[in-house]
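What follows is the residue order along each chain.
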Amino acid sequence: MNIIGQEKASFIDYPDKISIVYFCSNCNMLCKYCHNYHLVKGQGETIDHDEIFAFLKKRKKFVDAVCISGGEPTLHRGLYDFAKRVKDTGYLVKLDTNGSNPEVVKRLIHEKIVDYVAMDIKAPFHKYETVIGTNIDIKAIKNTIDLLRNSHIDYEFRTTVCKELLTKEDILEIANYLKGSKRYSIQNFRDGETVLVGENKLHPYDIETLEEIEKELEGYFEVFKIRK
Ligand code: SF4
């Protein structure tokens, strides 16, 4: 498990908890809006696991959870052992995933290693490969969605939206597919120097359209948020 970044205190990554976030290298997608391209390419300095666990033991009194993010954590063979060690240290464990490896997520859920999974839903299925910039097994994505919806753990689906990649109809189509799920959040695109396709190429949605979407999706989910 190659960890190449960390955030020592986060108040937003795990709902209602203080968490530490670890970022692993590599991803099997190339989302045009990705802010973590350096992680996707594996650029960064590896943080030694002993150092990580010494830090986690020290912070135990002040922090509730550890988020394992990326890149794409499920690509790493060592994910299970790393997550189990975090769990055994006494933390809640959250996994951020793009959903491309349902078997990995399934094992973590069944063996009670993860407490919370956040899965990105990139697009309506017919547009997935345009948004992620590569081929993907859509059946695997659908299997992870079903797995989470039928699981006992907390989970969240989330979609990053920008005008060039998803229309309002696309966003509503995703929401219709996910209707009845526990949590869904829409995250407006933020531009920046580290965006994969470069700065000023993609644009966030205007607040009015997001508010229209918010109204249309009332009652679809137990918890629904738009990060405008
Ligand atoms: S946004 Fe997530 S899934 Fe997409 S390329 Fe970046 S790390 Fe991978």
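Check the entry above for the structure.
What comes next is a walk through the structure. From a predicted model like this one, the values you see are computed outputs, not experimental measurements.

1. A short note on the overall build of the protein
Inference 1: Along the protein, the regular secondary structure elements total eight helices and eight strands.
Inference 2: For the protein, the C-alpha radius of gyration of 17 Å lies close to 17 Å, the compact-globule estimate for 228 residues.
Inference 3: Projected onto its principal axes, the C-alpha positions of the protein cover 45 × 35 × 35 Å.
Inference 4: Looking at the protein as a whole, 52% of its 228 residues are labelled buried.
Inference 5: Pairs at least 24 residues apart make up 72% of the contacts formed inside the protein by residues separated by at least 6 positions.
Inference 6: Element-wise, carbon and sulfur atoms account for 46% of the exposed surface of the protein, whose accessible area totals about 11,100 Å².
Inference 7: Taking the 34 positively charged and 36 negatively charged side chains of the protein as two groups, their mean positions are separated by 5 Å.

2. Describing the side chain of Lys94
Inference 1: Inspection of the secondary structure puts Lys94 in strand S4 (residues 92-97).
Inference 2: Look at Lys94 and you get buried, because its relative accessible area is 1%.
Inference 3: A polar atom in the side chain of Lys94 sits 2.9 Å from the backbone oxygen of Asp13.
Inference 4: Only 2.6 Å separates the side chain of Lys94 from the side chain of Asp96, close enough to count as a polar contact.
Inference 5: Beyond its immediate chain neighbours, meaning those up to four positions away, Lys94 contacts Asp13, Tyr14, Val66, Cys67, Ile68, Tyr116, Ala118 and Arg158.

3. Re helix H6 (residues 138-149)
Owing to its 3.6 residues per turn, the α-helix aligns residues three or four sequence positions apart on the same side.
Inference 1: Compared with the 16 Å implied by 1.5 Å per residue over twelve residues, the 17 Å span of H6 between its first and last C-alpha is a close match.
Inference 2: Of the positions making up H6, those classed as buried are Ile138, Ala140, Ile141, Thr144, Ile145, Leu147 and Leu148.
Inference 3: Its buried side turned inward, H6 meets helix H4 (102-110), strand S5 (116-120), helix H5 (128-132), strand S6 (154-161) and helix H7 (168-178).

4. Considering the packing of aromatic side chains
Each pair of aromatic rings is reported with the distance of its centres and the angle of its planes.
Inference 1: Following the criterion strictly, the structure yields ten aromatic pairs and no others.
Inference 2: Ring geometry for Tyr14 against Tyr116: centres 5.2 Å apart, planes inclined by 45°, an arrangement best described as tilted. One end of the pair, Tyr14, is in the loop between strand S1 (3-10) and strand S2 (19-24); the other, Tyr116, is in strand S5, and 102 residues separate them in sequence.
Inference 3: The buried category is assigned to Tyr14, whose relative accessible area is 6%.
Inference 4: Centre to centre, the rings of Tyr155 and Phe157 are 5.2 Å apart; their planes meet at 55°, and the pair counts as tilted.
Inference 5: In textbook terms, an aromatic cluster arises when at least three aromatic residues are bridged by ring pairs, as seen for Tyr184, Tyr220, Phe221 and Phe224.
Inference 6: Lys8 extends its terminal NZ or CZ atom over the ring of Phe55, reaching a point 5.3 Å from the ring centre.
Inference 7: Against the face of Phe125 rests Lys142, its NZ or CZ located 4.9 Å from the ring centre.

5. Focus: the nonpolar core
Inference 1: Judged by nonpolar contacts, the single largest core of 69 residues is most densely connected at Tyr22, Leu56, Phe82, Tyr128, Phe157, Tyr184 and Ile186.
Inference 2: Beyond its immediate sequence surroundings of up to four residues, Tyr22 is in contact with Ile3, Gly5, Gln6, Ile52, Phe55, Leu56, Val66, Cys67, Ile68, Ser69 and Phe82.
Inference 3: If you look at the next biggest cluster of nonpolar residues, it comprises nine residues, including Ile4, Val21, Leu39 and Ala65.

6. Thoughts on unusual backbone geometry
Among all residues save glycine, negative phi is the norm, and among peptide bonds the norm is trans.
Inference 1: In the segment running from Gly70 into Gly71, the intervening peptide bond is cis, with an omega of 15°.
Inference 2: With respect to the secondary-structure elements, Gly71 resides in the loop between strand S3 (65-69) and helix H3 (79-88).
Inference 3: Its identity is not glycine, yet Asp16 carries a phi of approximately 65°, on the positive side.
Inference 4: In this fold, Asp16 is placed in the loop between S1 and S2.
Inference 5: If you check the backbone angles, Asn26 has positive phi at about 70° while not being a glycine.
Inference 6: Position of Asn26 relative to the elements: it lies in the loop between S2 and helix H1 (37-40).

7. So, the pairing of S6
Inference 1: Buried residues dominate S6, accounting for seven of its eight residues.
Inference 2: In this sheet, S6 lies alongside S5 in parallel orientation, the contact comprising five bridges. Among the inter-strand pairings, Ala118 is bridged to a residue of S6, identified as Glu156.
Inference 3: Where S6 and strand S7 (residues 183-188) come together, five bridges link them in parallel fashion. Across the sheet, Phe157 pairs through a bridge with Tyr184, a residue of S7.
Inference 4: A crossover connection joins S6 to the parallel S7 through H7; in handedness this β-α-β unit is right-handed.

Calculation notes
Residues numbered from 1 in each chain as written. Predicted model: local features only at pLDDT ≥ 70, side-chain atom pairs only at ≥ 80, totals over all residues. Heavy atoms only, no water. Helix = DSSP H or I, 4+ residues; strand = E, 2+ residues; numbered from the N terminus. Rg over C-alpha atoms; globule rule 2.2 N^0.38 Å. Buried < 20%, exposed > 50% of the residue type's maximum accessible area, 1.4 Å probe, protein only. Contact = heavy atoms within 4.5 Å. Areas by Shrake-Rupley, 256 points an atom, 1.4 Å probe, with all protein chains shown as cover. Lys, Arg positive; Asp, Glu negative; His and termini not counted. Charge placed at Lys NZ, Arg CZ, Asp CG, Glu CD. Polar contact = N/O pair within 3.5 Å; in protein donor to acceptor, adjacent residues only side chain to side chain. Expected span 1.5 Å × (residues − 1). Phe/Tyr/Trp six-rings, centres within 6.5 Å; stacked < 30°, edge-to-face > 60°. Lys NZ or Arg CZ within 6 Å of the ring centre and 35° of its normal. Core = buried A, V, L, I, M, F, W, Y, C linked by side-chain atoms within 4.5 Å. Pairing = 2+ DSSP bridges. Right-handed = clockwise from strand over helix to strand, strands pointing away.

It is worth stressing that arrangement in space is one thing and function is another; only the former is reported here.
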